[in-house]
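# Remarks on the overall topology
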Amino acid sequence: MKYTVTFLPDKIITETEAGKSLLHAANSAGIGIKSSCGSEGTCGRCKVKVVEGKYLYDERFTCTLPEKYRDAGFILACKAYVEDNITVEIPAESRLDEHQVLLEDKQGVLAEKDLPILNGYTLDPLCKKIRLTMDAPNLTEIISDVSRLETELSKQAGIKKPIIGLPVLTQMAENLRKENWQVTVTVAYNGRDYEIVRIEPGHDTNPCYGIAVDIGTTTVVASLVDMEKGLSIEKLGTYNRQAKLGDDVVSRMIHCSSEQNGLEELQNLVVQTINDLTGKLIVRNNLSPDDIGIMVTSANTTMTHLFLGLHPKYIRLEPYVPTATFAPVVKGKELGLQIHPEGLVYSFPAVASYVGGDIVSGALITNISKKEELTLFIDIGTNGEIVLGNQDWLISCACSAGPAFEGGGITYGTRAMKGAIERVEIDNDTFDVKVSTIDSAKAIGICGSGLIDCIAKMHQVGIIDRTGTFQDTESRRVQITHDDKLFILVWKEESGIGKDIYISENDIKNLIRSKGAVFAGIQSLLKTLQLEIELIDKILIAGGFGNYLNISDAVRIGLLPDLPIEKYEFVGNTSLKGAELALISKEAWNHAEIIGKMMTYLELSVGNLFMDEFMQAIFLPHTDLKLFPSVELHTNL
Ligand code: FES
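Described below are features of the structure shown in this document. What you see is a predicted model; the values in this text were computed from it and never measured. (Residues numbered from 1 in each chain as written. Predicted model: local features only at pLDDT ≥ 70, side-chain atom pairs only at ≥ 80, totals over all residues. Heavy atoms only, no water.)

## A word on the overall build of the chain
Scanning the chain from terminus to terminus reveals 17 helices and 29 strands. Relative to the compact-globule value of 26 Å for 637 residues, the chain shows a C-alpha radius of gyration of 27 Å, a close match. With respect to the principal axes defined by its C-alpha atoms, the chain has extents near 100 × 70 × 45 Å. Relative to its full complement of 637 residues, the chain shows a buried share of 58%. The long-range share in the chain, meaning contacts at least 24 apart out of those at least 6 apart in sequence, stands at 68%. For the chain, the accessible area works out to roughly 26,200 Å², and carbon and sulfur atoms hold 48% of it. If you average the places of the 62 positive and of the 85 negative side-chain charges in the chain, the two averages end up 2 Å apart. (Helix = DSSP H or I, 4+ residues; strand = E, 2+ residues; numbered from the N terminus. Rg over C-alpha atoms; globule rule 2.2 N^0.38 Å. Buried < 20%, exposed > 50% of the residue type's maximum accessible area, 1.4 Å probe, protein only. Contact = heavy atoms within 4.5 Å. Areas by Shrake-Rupley, 256 points an atom, 1.4 Å probe, with all protein chains shown as cover. Lys, Arg positive; Asp, Glu negative; His and termini not counted. Charge placed at Lys NZ, Arg CZ, Asp CG, Glu CD.)

## Looking at the packing of aromatic side chains
Under the criterion given, the structure shown has 8 aromatic pairs. Each ring, one from Tyr 55 and one from Tyr 57, has its centre 6.2 Å from the other, and the planes form 80 degrees; the classification is edge-to-face. Lys 79 extends its terminal NZ or CZ atom over the ring of Phe 61, reaching a point 4.6 Å from the ring centre. Here the basic side chain of Lys 586 rests over the ring of Tyr 189, its NZ or CZ set 4.4 Å away from the ring centre. (Phe/Tyr/Trp six-rings, centres within 6.5 Å; stacked < 30°, edge-to-face > 60°. Lys NZ or Arg CZ within 6 Å of the ring centre and 35° of its normal.)

## Quick notes on the nonpolar core
Judged by nonpolar contacts, the single largest core of 73 residues is most densely connected at Ile 378, Met 458, Phe 487, Ile 541 and Leu 560. With 10 residues, helix H12 (residues 505-528) is the largest single contributor of residues to this core. (Core = buried A, V, L, I, M, F, W, Y, C linked by side-chain atoms within 4.5 Å.)

## Regarding the sheet that holds strand E7 (residues 86-89)
Strand order in this open sheet of 5 strands is E2-E1-E7-E3-E5, and the pairing throughout is mixed. Because the sheet does not close on itself, it has two edges, and the strands there are strand E2 (12-17) and strand E5 (74-76). Sheet twist, expressed as the mean angle between neighbouring strand axes with direction ignored, is 40 degrees. Both strand E3 (residues 47-52) and E7 contribute to a ladder of 3 bridges, which runs antiparallel. Of the residues in E7, the one forming a bridge with Val 50 is Val 88. (Pairing = 2+ DSSP bridges. Axes fitted to C-alpha atoms, helices over the stretch in contact; angles between N-to-C directions.)

## Side note on empty space enclosed by the protein
Evaluation of the coordinates by the stated rule reveals 3 cavities of 30 Å³ or more. Computed from the structure, the second largest cavity encloses a volume of approximately 50 Å³. Considering the residues around the second largest cavity, the lining is formed by Thr 301, Thr 304, His 305, Leu 310, Ala 324, Thr 325, Ala 327, Phe 348 and Ala 350. (1 Å grid on protein atoms, 1.4 Å probe; cavity = no way out; pocket = protein on both sides within 12 Å on 5 of 7 lines; lining within 4 Å. Points joined across faces, edges and corners; volume = space filled by probe spheres on them.)

## Considerations on the pattern of salt bridges
All told, the structure shown has 27 salt bridges when counted by the stated rule. Linking Lys 457 and Asp 453 is a salt bridge whose minimum nitrogen-to-oxygen distance equals 3.7 Å. You can see Lys 457 and its partner Asp 453 sitting in helix H11 (residues 448-460), 4 residues apart, about one turn around the helix. Across the pair Arg 556 and Asp 553 runs a salt bridge whose closest N-O atoms are separated by 3.0 Å. (Salt bridge = Lys/Arg side-chain N within 4 Å of Asp/Glu carboxyl O.)

## A short note on the layout of surface pockets
Approximately 620 Å³ is the volume found for the second largest pocket. Looking at the second largest pocket, it is lined by 24 residues, and the ones nearest its centre are His 24, Leu 245, His 255, Glu 259 and Glu 265. Breaking the lining of the second largest pocket down by element, the ones donating at least two residues are helix H1 (22-28), helix H5 (249-258) and helix H6 (262-284). Taken together, the residues of the lining of the second largest pocket break down into 6 nonpolar, 12 polar and 6 charged. (Nonpolar A, V, L, I, M, F, W, Y, C, P; charged D, E, K, R; others polar.)

## As for the packing of helix H10 (residues 357-365) against helix H14 (residues 574-584)
Taken N-terminus to C-terminus, the directions of H10 and H14 make an angle of 70 degrees; their axes are 7 Å apart at the nearest point. Here H10 lies roughly perpendicular to H14, going by the angle between them. For the pair H10 and H14, the sense of crossing is left-handed. Along the contact surface, H10 presents Asp 358, Ser 361, Gly 362, Leu 364 and Ile 365, while H14 presents Thr 574, Ser 575, Lys 577, Gly 578, Ala 579 and Leu 581. Of the residues assigned to the contact of H10 with H14, the class counts are 4 nonpolar, 5 polar and 2 charged. (Parallel < 35°, antiparallel > 145°, perpendicular 65-115°, else oblique. Left-handed = near helix turned anticlockwise from the far one by under 90°.)

## Some words on unusual backbone geometry
For the bond from Glu 318 to Pro 319, the omega torsion is 0 degrees, close enough to zero to count as cis. In this fold, Pro 319 is placed in the loop between helix H8 (313-316) and strand E16 (330-331). Cis geometry marks the peptide bond from Leu 620 to Pro 621, where omega comes out at -5 degrees. In this model, Ser 400 sits at a positive phi of 45 degrees, which is unusual for a non-glycine residue. Here Ser 400 lies in the loop between strand E20 (394-398) and strand E21 (420-426). With relative accessibility at 57%, the residue Ser 400 sits in the exposed group. Despite not being glycine, Gln 530 has its phi angle at roughly 55 degrees, a positive value. Assignment of secondary structure puts Gln 530 in the loop between H12 and strand E27 (538-542).

## Details of the pairing of strand E19 (residues 385-389)
Along any regular strand, the residues point their side chains to alternate faces of the sheet. Within E19, 5 of the 5 residues are buried, which leaves the element mostly enclosed by the surrounding structure. Here E19 shows no split at all, with Glu 385, Val 387 and Gly 389 on one side and Ile 386 and Leu 388 on the other all buried. Relative to E19, strand E18 (residues 375-379) is paired through 4 bridges, and the arrangement is antiparallel. The residue of E19 that forms the bridge with Thr 375 is Gly 389. By the bridge criterion, 5 bridges tie E19 to E20 in an arrangement that is antiparallel. What sits directly across from Ile 386, in E20, is Cys 397.

## Focus on the environment of His 24
One can find His 24 in helix H1. On the basis of relative accessibility, which here comes to 38%, the residue His 24 falls in the partly exposed class.

In short, the description is geometric, and any link to function would need to be established separately.
Okay, structure coming up:
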């Protein structure tokens, strides 16, 4: 039995089998609804309102939705099953909106550092075009087309015995002869040998192109690279479509195990996301998929598994073992990617289940492993990976900071995008608030840097104490609901969403747990090696923080060590930059493999060290104020 489901406000109508959930119906209609828990009924983010029609509801999960929403008639889309023709309204906050991901904005207090793309490595792309002029065969010199081509490639480009696959071979005879033995040969390095990707008749004047992709859990960014000049031509970003099946790696791993075609579904979604970006880059630059001979991807270990179709099951289960840390180089056609079917696809090597290729890529582009100075590299994202080391040794861990600094699990949290609040100022006496937003648009939510600013300032002026608990404050901005306390940052008349934008006590406690996890991770690495914080020469911060990150506020809340600001550098999306570098330098790719091998991994769930550190770090800034000498001076709460 099938029913129609109409989704408002867009009036999208779809047909669905009786008994399927509203979330399922929305997904099959191509409407993205937030579902952080992957339909487990525990995150409460998939709320919708049924306007008309009957449905069966699994009441066991009712309590997941705060009472105010239940009273207003909201239900969980993942736990409501269609029993009739039905009309459903999806509120804006439940939608996984497609938006342009913020790329490349550099301004502000600690602006993102512009890392040079080659960063000391030689330009020697993984894929190149070689333009050959050959002698035609004659009766005195009868050698095969392959031998003729091999001889010329060796003579003119130093490439010996390249691999030639059947699809190239079947076209070879004609392609060599079409333009009178002038050809353009695209070769790609597969880690050991060169492979011929394509033979075009004549001398093609276009450069050779490659695509670098950062496959983030939430966001995917692709960069089209001119391999001959070693330059990124254009970058595009979008949401990872996998987010509709769970917005963190754990819920996606669960999806793979609990659904029959779960892995296939997730793999298709990420490939679609990449194809969507690649397709746009190709069209905008007047290219064809055949012009792309290579792709380098950089991602965390789970994302790499899902991209390659490897089951991530054991990543989650003790003792947390991935199928592979060094993935094979595969062909575009094996994954259904929109590049040349014979084009090669590289995945950055990982270190362990929770320190993946994106971190190795970050270590590569920032040159940590080539310098004498002791560097701390922190990726402030959901997984919270941290690397410490120098040219002699590298150690890493993942502190599972949670998605709070990326806006997840925070009532009005958002990623760094237009309208996101990125700076907050609070008047000491009146508690009046001044906010700055990305692109100066009307406020729609608060991004990571805004959240850091917000807690630091609320603590400074005395709205919250060191545990994040609200204090008795005379301000109409502080409001008390029956289950939470709120501090209004932007009144609804001024906001871009027609609602008051606030931060609640629960939000603050979530953020304190996240920042506590990051600091505890740093301390765990230092203590394992018996090193003092002061020995750190340089701290590199990676992550999507919008235009800037206010380091002194991050120190004030105890997220980052209390070290001189000169030691800090904000390096932005290093995962993508590392992938761009690997594309254009064989030497850099080889070094990425060395980093993957030399980096050791500290499993934080073994022993009590991390937990002890965490318990001490869930205060503003910390229980041990001696660790934050500069903060002690500013605060009396
Ligand atoms: S509660 Fe429905 S997806 Fe999480």
